[in-house]
Amino acid sequence: MYMKEDIEKLAEDFENCRKVLIALGDENRQHLILEMLKIEDCYGARVGDITERTHLSRPAVSHHLQILKDAGILKVRKEAAKNYYYFDPDTKSFDRLIHVLQKAKELTAGLPDRSRERSS
């Protein structure tokens, strides 16, 4: 059985993964990531190119790209006045998230079965 300290550490670790969890938790951002991966130009895509591939407005795409960038999932390359976004996740952030999910799985595996209804 896990101790209170284990659960508190897990809560802290989840907090440290918050930006990535929030970024990946949105259906529109998941769609943007998938569309960007489908673009064959590995050097990145501009906001207008991405907007054409989605049902979102240009400001919405920019907003979601910024969240993904802040979470370390996308990077941006600037060429003169043009920005090119590309999928290149921060491996430390992803490794941290994988570790947290594995730890949560271990913690919950050690809990008693709660699926049965209580008898009155």
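Conventions and cut-offs
- Residues numbered from 1 in each chain as written.
- Predicted model: local features only at pLDDT ≥ 70, side-chain atom pairs only at ≥ 80, totals over all residues.
- Heavy atoms only, no water.
- Helix = DSSP H or I, 4+ residues; strand = E, 2+ residues; numbered from the N terminus.
- Rg over C-alpha atoms; globule rule 2.2 N^0.38 Å.
- Buried < 20%, exposed > 50% of the residue type's maximum accessible area, 1.4 Å probe, protein only.
- Contact = heavy atoms within 4.5 Å.
- Areas by Shrake-Rupley, 256 points an atom, 1.4 Å probe, with all protein chains shown as cover.
- Lys, Arg positive; Asp, Glu negative; His and termini not counted.
- Charge placed at Lys NZ, Arg CZ, Asp CG, Glu CD.
- Axes fitted to C-alpha atoms, helices over the stretch in contact; angles between N-to-C directions.
- Parallel < 35°, antiparallel > 145°, perpendicular 65-115°, else oblique.
- Nonpolar A, V, L, I, M, F, W, Y, C, P; charged D, E, K, R; others polar.
- Core = buried A, V, L, I, M, F, W, Y, C linked by side-chain atoms within 4.5 Å.
- Pairing = 2+ DSSP bridges.
- Patch = residues over 30% accessible without salt bridge, like charges linked within 9 Å, V, L, I, M, F, W, Y side chains within 5 Å.
- Salt bridge = Lys/Arg side-chain N within 4 Å of Asp/Glu carboxyl O.

1. Let's talk about the overall build of the protein chain
So, step 1. Across its full length, the protein chain carries 6 helices and 2 strands.
So, step 2. Across the protein chain, helices and strands are ordered from the amino to the carboxyl terminus as α-α-α-α-α-β-β-α.
So, step 3. A compact globule built from 120 residues would reach a C-alpha radius of gyration of about 14 Å, whereas the protein chain, at 19 Å, exceeds it by more than 25%.
So, step 4. Principal-axis analysis of the C-alpha atoms places the extent of the protein chain at approximately 65 × 30 × 25 Å.
So, step 5. Counting every position in the protein chain, which comprises 120 residues, the buried fraction comes to 29%.
So, step 6. When contacts within the protein chain are restricted to residue pairs at least 6 apart in sequence, those whose partners lie at least 24 apart make up 56%.
So, step 7. Roughly 8,700 Å² of accessible area belongs to the protein chain as shown, and the carbon and sulfur atoms make up 52% of that amount.
So, step 8. Averaging the coordinates of the 21 positive side-chain charges in the protein chain and doing the same for the 21 negative ones gives two points 3 Å apart.

2. Observations concerning the packing of helix α3 (residues 27-38) against helix α5 (residues 58-70)
So, step 1. Interaxial distance between α3 and α5 falls to 10 Å at its minimum, and their mutual angle equals 85°. Judged on the interaxial angle alone, α5 and α3 are roughly perpendicular. Residues N28, R29, L32, I33 and M36 of α3 pack against V61, H64, L65, I67 and L68 of α5.
So, step 2. Looking at the contact of α3 with α5 residue by residue, the class counts come to 7 nonpolar, 2 polar and 1 charged.

3. Thoughts on the nonpolar core
So, step 1. Ranked by size, the top nonpolar core spans 23 residues in total, and within it L32, I50, V61, L65, L68 and I73 carry the most contacts.
So, step 2. Counting residues per element, the ones that place at least two in this core are α2 (18-25), α3, α4 (47-52), α5 and α6 (91-109).
So, step 3. Ignoring sequence-local partners within four residues, the contact set of L32 consists of I50, T54, L56, V61, H64, L65 and L68.

4. Structural notes on the side chain of S93
So, step 1. Structurally, the position occupied by S93 is in helix α6.
So, step 2. With residues up to four places along the chain from it excluded, the contact list for S93 reads V20 and A71.

5. Quick look at the pairing of strand β2 (residues 82-87)
So, step 1. Sheet topology note: the strand β1 (residues 74-79)/β2 ladder contains 6 bridges and is antiparallel. What sits directly across from E79, in β2, is K82.
So, step 2. Linking β1 back to β2 in an antiparallel pair, the connection comprises 2 residues, with A80 at a positive phi of about 55°.

6. Some details on the environment of Y85
So, step 1. Tracing the sequence through the fold places Y85 in strand β2.
So, step 2. Separated by 10 residues in the primary sequence, Y85 and K75 place their C-alpha atoms 5.7 Å from one another.
So, step 3. Those residues in contact with Y85, other than ones at most four positions away along the chain, are M36, G44, A45, V47, I50, L65, K69, K75 and V76.

7. Some words on a nonpolar patch on the surface
So, step 1. Together, L34, L37 and F87 give the surface a local cluster of nonpolar side chains, amounting to about 270 Å² of exposed area.
So, step 2. Among the structural elements, L37 can be located in helix α3.

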